[in-house]
Amino acid sequence: MSVEMMKTVISNLIDSKGFSLDEFPAYYSYYRYFAYRQLENGIIAVNFSREDRERPQVDSFDTFMRQRGVRVDLVNLVFSEPGYDSDRISRQDYHEGHIDSTGTVYRMDDEIRFLFEAPVQKAAPVQRRDTRSIVRRAPLTMVLILLNVIMFAITAYFSGGTEINIYVLIFFGAKVNELINVGEVWRIFTAAFLHGNFFHILLNMYALYNIGPVVEIKLGKLKYLLVYVFSALTSGTLSYFMTPNISVGASGAIFGVLGSLLIIALRSKEKVLNRAIMNIVFIIGLNLVIGVAARDVIDNYGHIGGLVGGLVSTLILYVPGMGRDRIQ
């Protein structure tokens, strides 16, 4: 019973609280699974034990974390009968709660009470994905969207409308091979913050709004920024070598973020991400096919370059496990 309840608790934490799953060499092997979420200076982990056996389980978990070099805020959930009064473990950053036979978590301190606002045998409602939540959990994505919108507003002002004048785009940093050849190499990157019309920026920012936060939450802000910038650079670089056409748009960097999401999903133990793999592959493939069909107006080399940049950088930066799967 307690093992099934443990699986339910972990599933709820993954689905509604943004946790990930891992396992360790536990004192009691059937309680080897734990849920964790990255903090700024370590992780918060939810571990499990049984009444009168809390200490050896916590000791084995602490040993595992010390070997990983990770600082832990530990939430130890004890499967116990009503009225059980444990000999509470005295350790810094330690929180102990109990689960009764109904699956209700009780005796929880205020600091981590938000984890268990409802009985755990029922799936907690998924957090609403509104703009306020996105700003709070993935602020860098919102900053990138804001930068693109600001640049579009500036170029629209100088163009006198939302169909951006080609000379305005060139002035503000479009990818122009002839100008790059004479030393304006920065255009390979700045082109990623320019768009040709309202529909162009609308599609790109909508895509970034939907996939960017997932990657930012999983990688952390710094690694996410590195993936985005590197993808923008590889996008512009491949476009420079493969096509003489003037090019603008964030789609190369966004393809990089999409490639990053694919690597994360392939390496993740989370069922939600595993189920999304085929959808991600389909979206990538569909957009590349569209790029080939509309090669006169879409810089498909930029898309491919960005995708490769996102795949490669995430393969290097993202290793699921403690201290790396940065969920905030």
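**Considering the overall build of the chain**
1) Next: Assigned secondary structure in the chain consists of twelve helices and six strands.
2) Next: A total accessible area of about 16,300 Å² is found for the chain, and carbon and sulfur atoms account for 62% of it.

**Some remarks on the pairing of strand S5 (residues 94-99)**
1) Next: Taking burial as the measure, the six residues of S5 include six buried ones, the bulk of the element.
2) Next: Of the two faces of S5, the one lined by Tyr-94, Glu-96 and His-98 and the one lined by His-95, Gly-97 and Ile-99 are each fully buried.
3) Next: As paired elements, strand S4 (residues 72-79) and S5 share six bridges and run parallel to each other. Bridged to Leu-74 within S5 is Tyr-94.

**Notes on a nonpolar patch on the surface**
1) Next: Together, Phe-230, Phe-241, Met-242, Tyr-301, Ile-304, Val-308, Val-312, Leu-315 and Ile-316 make up a nonpolar patch on the protein surface, roughly 850 Å² of accessible area in all.
2) Next: Within the element layout of this structure, Phe-230 appears in helix H9 (residues 221-242).

**Section: the pairing of strand S3 (residues 42-50)**
1) Next: A large share of S3 lies buried, amounting to eight of its nine residues.
2) Next: In this sheet, S3 lies alongside strand S2 (residues 33-39) in antiparallel orientation, the contact comprising five bridges. Across the sheet, the residue bridging to Gln-38 is Ile-43, located in S3.
3) Next: Counted along the chain from S2 to the antiparallel partner S3, the turn is two residues long.
4) Next: As paired strands, S3 and S4 are joined by eight bridges and run parallel to one another. Pairing of Ala-45 across the sheet is with Leu-74, part of S4.
5) Next: Crossover handedness for the path S3 to helix H2 (residues 54-68) to S4: right-handed.

**Focus on helix H4 (residues 139-159)**
1) Next: In this model H4 runs 30 Å from its N-terminal to its C-terminal C-alpha over 21 residues, within 8% of the 30 Å that 1.5 Å per residue would give.
2) Next: Every buried residue of H4 is accounted for by Leu-140, Thr-141, Met-142, Leu-144, Ile-145, Asn-148, Phe-152, Thr-155 and Ala-156.
3) Next: Immediately downstream of H4, the backbone of Gly-160 shows phi near 75°, a positive value.

**Quick word on the pattern of salt bridges**
1) Next: Tallied over the entire structure, the rule returns three salt bridges.
2) Next: Arg-71 is the salt-bridge partner of Asp-73, the closest N and O atoms lying 3.0 Å from each other.
3) Next: Residue classification places Asp-73 among the buried residues on the basis of a relative accessible area of 9%.

**Considering the packing of H9 against helix H12 (residues 300-317)**
1) Next: Here H9 crosses H12 at 145°, and the two axes come no closer than 7 Å. Of the two elements, H9 crosses H12, and the hand of that crossing is right-handed. Within the contact between the two elements, H9 uses Lys-223, Leu-226, Val-227, Phe-230, Ser-231, Thr-234, Ser-235, Leu-238, Ser-239 and Met-242 and H12 uses Tyr-301, Gly-302, His-303, Ile-304, Gly-305, Gly-306, Gly-309, Gly-310, Ser-313, Thr-314 and Leu-317.
2) Next: Residue composition of the contact of H9 with H12, grouped by class: eight nonpolar, twelve polar and one charged.

**Section: H9**
1) Next: Compared with the 32 Å implied by 1.5 Å per residue over 22 residues, the 31 Å span of H9 between its first and last C-alpha is a close match.
2) Next: The set of residues buried in H9 consists of Tyr-224, Val-227, Tyr-228, Ser-231, Ala-232, Thr-234, Ser-235, Gly-236, Ser-239 and Tyr-240.
3) Next: Those residues of H9 that are buried lie in contact with H4, helix H6 (177-181), helix H7 (187-190), helix H8 (198-219), helix H10 (251-267) and H12.

**Things to note about the environment of Gly-310**
1) Next: Inspection of the secondary structure assignment puts Gly-310 in helix H12.
2) Next: Judged by its relative accessible area of 0%, Gly-310 falls in the buried class.
3) Next: Along the chain, Gly-310 and Leu-226 lie 84 residues apart, while their C-alpha atoms are 9.4 Å from each other.
4) Next: If we ignore the near neighbours within four places in the chain, the residues touching Gly-310 are Val-227, Ser-231, Gly-256, Gly-259 and Ser-260.

**A word on the confidence of the model for the chain**
1) Next: A residue-level look at the chain finds 83% of positions with pLDDT of 70 or above and a mean pLDDT of 83.
2) Next: The model gives residues 322-328 a pLDDT under 50, and that stretch makes 47 contacts with residues more than four places away or in other chains.

**Focus on the packing of aromatic side chains**
1) Next: By the definition in use, this model includes 13 aromatic pairs.
2) Next: Relative to Phe-79, the ring of Phe-48 lies with its centre 6.0 Å away and its plane at 15°, an arrangement referred to as stacked. Taken together, the positions of Phe-48 in strand S3 and Phe-79 in strand S4 put the pair 31 residues apart, joining distant regions of the chain.
3) Next: You can call Phe-79 buried: its relative accessible area is 11%.
4) Next: Among the aromatic residues, ring-to-ring pairing joins Phe-24, Phe-34, Tyr-36, Phe-61 and Phe-64 into one connected group.

So, how was this worked out
Residues numbered from 1 in each chain as written. Predicted model: local features only at pLDDT ≥ 70, side-chain atom pairs only at ≥ 80, totals over all residues. Heavy atoms only, no water. Helix = DSSP H or I, 4+ residues; strand = E, 2+ residues; numbered from the N terminus. Areas by Shrake-Rupley, 256 points an atom, 1.4 Å probe, with all protein chains shown as cover. Buried < 20%, exposed > 50% of the residue type's maximum accessible area, 1.4 Å probe, protein only. Pairing = 2+ DSSP bridges. Patch = residues over 30% accessible without salt bridge, like charges linked within 9 Å, V, L, I, M, F, W, Y side chains within 5 Å. Salt bridge = Lys/Arg side-chain N within 4 Å of Asp/Glu carboxyl O. Right-handed = clockwise from strand over helix to strand, strands pointing away. Expected span 1.5 Å × (residues − 1). Axes fitted to C-alpha atoms, helices over the stretch in contact; angles between N-to-C directions. Left-handed = near helix turned anticlockwise from the far one by under 90°. Contact = heavy atoms within 4.5 Å. Nonpolar A, V, L, I, M, F, W, Y, C, P; charged D, E, K, R; others polar. pLDDT = per-residue confidence, 0-100. Phe/Tyr/Trp six-rings, centres within 6.5 Å; stacked < 30°, edge-to-face > 60°.

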